[in-house]
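# Understanding the architecture of this molecule
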Amino acid sequence: MITQTALIADRDTVGWRFDNTYSRLPDIFFAPAKPATARAPRVSILNHRLADELGLDLGAMSPEVAAALFAGQALPAGSQPIAQAYAGHQFGGFTMLGDGRAILLGEHRTPSGRLVDIQLKGAGPTRFSRSGDGLAALGPMLREYVISEAMSALGIPTTRSLAVVTTGERVYRESALRGAILTRVAASHLRVGTFQYLATRQDPSNLRVLADYAIARHYPELIDAPRKYLEFFRAVMDRQASLIARWQLVGFIHGVMNTDNMAISGETIDYGPCAFMNAYRPDTVFSSIDHAGRYAYGNQPAIAQWNLARFAETLLPLLDSDQEKAIAIASEALGEYPALFERHWLAGMRKKLGLQTGEADDVELIRSLLDWMQESRADFTNTFRDLSSEEPPAGDRYQVPNFQAWYSRWRLRLSRDGRPSTAAYAVMRTVNPAVIPRNHRVEEALSAAEGHDDLSVLHRLLAALASPFEAGAESAQYQDPPLDDCNYRTFCGT
Ligand code: AMP
Ligand code: MG
């Protein structure tokens, strides 16, 4: 048994430096919240490497103290738990939402001066829980941990995962599951839906407060910019175009790109039914609730634009006092999105093919590779990785005239690119991962953890995912696609 005094003494040596800017905003932005009682918290996994980056010393804590801390039972000094208010379009339909199963402890200042949100996901009901229980199960929380850390290692902007603890409480879904809490670290949790919340309340003065807050926190270079709210919109649009391009380039399918899951910071947020594509197929969908394929791999760029249109609508009162003019300004800016996305995507694709220069035919060259991949059901990740070495790709799949013709064309293009091919291949191996979190590997790790409390499978997977661009003996087992993932389904875990 540990005493409350021991908890307080220990938690203060961790190195928290809270500065809670969000809870200093007007009251309508949030509601005070309190983590629910967790009878028997226990650490499932701690991210020591991330803790180091954040200037937190978890090593000095006993496992009991760490469990109590990350279960919200002993709050860090300086934290001020709140649930944030927001709204959002979910599968196209508008709803008032808010943190229904997440509690923001506050913002921690890292040694490099960055301000990051520290949030407990699954810590019990809040004012925004509606009919939900505010809780989360172990499987989905470990899933978010694994995939967010994999995304980070791939160099893709993302929220991070600092810890998962089990609560000792049951969570009831289709069956009784072990309750768990994920500690999420994010640049912030400002969403397109946060703006929608204020726009719906028709509260232009607080809308301006929110926009100024978001600019100061994420786009400080715009504070004194002329037409700063328009520039703010364009900057968010650019970060989103870049982010979605990054997803496309590694085959990441978010699965639930509702406007409340689109972060103003440009980070990937809310790992629910997300999954990586194996065989290249633009209509790939894994989410069990996405019947119409709204959030299919190939739709992600267009859905991002749809979400950005909803974001632009919220900003209209800040763009011009004349609504007609404001709409014209917003429409013109939004019209830049397709070209912006294409630019980010094409730059990324050129890199994946080892090209440093641009030629007019490059798009066609890329498209014809993708077409071949689709026809031959080639694995997206492995095809690019197979192209990333000097030797022509081995394997029967590649010994067909269609591919051979494309390969010769690409080699010719590489030879015009002005650098030795060894250099091109070296670059390719820094952008074409060998290891991604394959669905069957993730499931295998989660079921060992959930089923018999065995985290060794998960730790081995995490170790491979931490160096995704290194292909070695240990990573080989993670490179094979599943034999068949047509029936693979992911769930929101709510
Ligand atoms: P998500 O699908 O995780 O983006 O969640 C959408 C909305 O539903 C958010 O407002 C969540 O806070 C809320 N929500 C999801 N799961 C729960 C739950 N178990 N209890 C209460 N609210 C929830
Ligand atoms: Mg969400």
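Rules used in this analysis
- Residues numbered from 1 in each chain as written.
- Chains lettered and ligands numbered in written order.
- Predicted model: local features only at pLDDT ≥ 70, side-chain atom pairs only at ≥ 80, totals over all residues.
- Heavy atoms only, no water.
- Near = heavy atom within 4 Å.
- Polar contact = N/O pair within 3.5 Å; in protein donor to acceptor, adjacent residues only side chain to side chain.
- Areas by Shrake-Rupley, 256 points an atom, 1.4 Å probe, with all protein chains shown as cover.
- Nonpolar A, V, L, I, M, F, W, Y, C, P; charged D, E, K, R; others polar.
- Domains from an automatic or database assignment.
- Pairing = 2+ DSSP bridges.
- Helix = DSSP H or I, 4+ residues; strand = E, 2+ residues; numbered from the N terminus.
- Core = buried A, V, L, I, M, F, W, Y, C linked by side-chain atoms within 4.5 Å.
- Buried < 20%, exposed > 50% of the residue type's maximum accessible area, 1.4 Å probe, protein only.
- Contact = heavy atoms within 4.5 Å.
- Donors = N, O, S within 2.8 Å, 3.2 Å for Na, K, Ca; no water.
- Axes fitted to C-alpha atoms, helices over the stretch in contact; angles between N-to-C directions.
- Parallel < 35°, antiparallel > 145°, perpendicular 65-115°, else oblique.
- Left-handed = near helix turned anticlockwise from the far one by under 90°.

Residues in contact with ligand 1 amount to 18 residues; listed here are only the nearest, Gly-98, Gly-100, Asp-133, Gly-134 and Asn-261. At 2.6 Å, a backbone N or O of Gly-100 approaches an oxygen atom of ligand 1. Within the side chain of Asp-133, an N or O atom sits 3.1 Å from a nitrogen atom of ligand 1. Protein coverage of the free-state accessible area of ligand 1, which is 480 Å², stands at 88%. Residues belonging to the shell around ligand 1 are distributed by class as follows: 3 nonpolar, 8 polar and 7 charged. In this structure, the shell around ligand 1 is formed jointly by two domains, domain 1 (4–189) and domain 2 (190–434 + 479–494), each of which donates at least three residues.

Two strands pair when backbone bridges link them, and strand E4 (residues 87–90) and strand E5 (residues 93–96) are joined in this way by 4 bridges, in the antiparallel orientation. By the bridge assignment, Ala-87 is partnered in E5 with Met-96. Counted between consecutive antiparallel strands, the loop separating E4 from E5 contains 2 residues, among which Phe-91 sits at a positive phi close to 50°.

Once that is clear, we can look at the nonpolar core. Grouped together as the largest cluster of nonpolar side chains are 128 residues, with contacts concentrated most on Leu-162, Phe-195, Phe-232, Ile-264, Phe-311 and Trp-410. The element best represented in this core is helix H7 (residues 228–250), accounting for 14 residues. Both domains that furnish three or more residues to this core are identified here as domain 1 (4–189) and domain 2 (190–434 + 479–494). Not counting the four nearest positions on each side in its chain, Phe-311 is found in contact with Val-192, Phe-195, Phe-232, Phe-233, Val-236 and Ile-264. With 26 residues, the next largest nonpolar core counts Ala-150, Ala-434, Leu-446 and Leu-458 among its residues.

Let's shift gears to the coordination of the magnesium ion (ligand 2). For the magnesium ion (ligand 2), every protein donor is listed as Asn-261 (OD1) and Asp-270 (OD), and the spread of their distances is 1.8 to 2.2 Å. In terms of burial, Asn-261 and Asp-270 fall into one category: buried.

Further remarks concern the packing of helix H6 (residues 204–218) against H7. The interhelical angle for the contact between H6 and H7, taken along N-to-C directions, is 55°, at an axis separation of 11 Å. One element, H6, and the other, H7, form an angle in the oblique class. Here H6 runs over H7; the crossing is left-handed. Residue-level contacts link Arg-208, Ala-211, Asp-212, Ala-214, Ile-215 and His-218 of H6 to Lys-228, Tyr-229, Phe-232 and Arg-239 of H7. In terms of residue class, the contact of H6 with H7 is built from 5 nonpolar, 1 polar and 4 charged.

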